[in-house]
Amino acid sequence: MIRHAIIVVSLLVATPMVANAQDGAGTAAGATTGAVGGALVGGPVGAVVGGVAGAVVGGISDSQRRPFRQYVVEERVPSYAYEREVVVGAELPPSGVRYYEVPAEYGATRYRYTVVNDRTVLVDPSTHRVVQIIE
């Protein structure tokens, strides 16, 4: 219960920065601040909640999503069949799923990508948790 309250506070802290932005820099700073605060409190899920949807720290940026998704389609990465819903924070099994490095042109990231239930996702390789869904 306390974890959720802290994440909400993180959202409130980031909101004025976004609302007062005169240019894109304020929005990015607000999203990053909220995402970092959310990540410290709630892990990958907190990063998305604390920031702005799509502003995952270390993830694929909004401008790179479409080209990256196209890259994955062209690579013909096989889809892993997962019994549960594919959501940010879902923990994939430690074996049976193949993870791939994200090419540098889509942004430097410590995360790996895979395809689960026909959805491209970024995964934290140390925890096997989905940190971003690329759509």
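Relevant structure appears above.
These remarks concern the structure in this document. This structure is a prediction, so every number in the text was calculated from the model and none was measured. (Residues numbered from 1 in each chain as written. Predicted model: local features only at pLDDT ≥ 70, side-chain atom pairs only at ≥ 80, totals over all residues. Heavy atoms only, no water.)

### Quick word on the pairing of strand S3 (residues 112-116)
Buried residues dominate S3, accounting for 4 of its 5 residues. Bridge count for strand S1 (residues 79-80) against S3 is 2 bridges, and the pairing is parallel. Bridge pairing in S3 places tyrosine 80 opposite valine 116. Two strands pair when backbone bridges link them, and strand S2 (residues 100-101) and S3 are joined in this way by 2 bridges, in the antiparallel orientation. (Buried < 20%, exposed > 50% of the residue type's maximum accessible area, 1.4 Å probe, protein only. Helix = DSSP H or I, 4+ residues; strand = E, 2+ residues; numbered from the N terminus. Pairing = 2+ DSSP bridges.)

### Regarding the nonpolar core
Ile60, Phe68, Val72, Val102, Tyr113 and Leu122 are the most contacted members of the largest nonpolar core, which has 14 residues in total. Counting only elements with at least two residues in this core, the list comes to helix H3 (62-75), S3 and strand S5 (129-134). With 3 residues, H3 is the largest single contributor of residues to this core. Setting aside chain neighbours within four positions, we find valine 72 in contact with Val77, Tyr113, Val115 and Thr120. (Core = buried A, V, L, I, M, F, W, Y, C linked by side-chain atoms within 4.5 Å. Contact = heavy atoms within 4.5 Å.)

### What about the packing of aromatic side chains?
Across all of its chains, the model carries 6 aromatic pairs by this definition. Arranged with centres 6.2 Å apart and planes meeting at 25°, the rings of phenylalanine 68 and tyrosine 71 form a pair that is stacked. In this pair, phenylalanine 68 and tyrosine 71 both sit in helix H3, 3 residues apart, roughly one turn of the helix. Across this residue pair, the class does not change: phenylalanine 68 and tyrosine 71 are buried. Between tyrosine 71 and tyrosine 113 the ring centres are 6.3 Å apart and the planes differ by 70°, which places this aromatic pair in the edge-to-face class. Taken together, the residues tyrosine 71 in helix H3 and tyrosine 113 in strand S3 connect sequence positions 42 residues apart. (Phe/Tyr/Trp six-rings, centres within 6.5 Å; stacked < 30°, edge-to-face > 60°.)

### Concerning the side chain of aspartate 124
Structurally, aspartate 124 is set in strand S4 (residues 119-124). What makes aspartate 124 buried here is its relative accessible area of 7%. The contact partners of aspartate 124, leaving out residues within four places of it in the chain, are Arg110, Tyr111, Arg129 and Val131.

### What about the pattern of salt bridges?
This model, assessed by the stated rule, comprises 5 salt bridges. Across the salt bridge formed by arginine 110 and aspartate 124, the nearest N and O atoms sit 3.3 Å from each other. Of this pair, arginine 110 sits in the loop between S2 and S3 while aspartate 124 sits in strand S4, and the two are 14 residues apart along the sequence. (Salt bridge = Lys/Arg side-chain N within 4 Å of Asp/Glu carboxyl O.)

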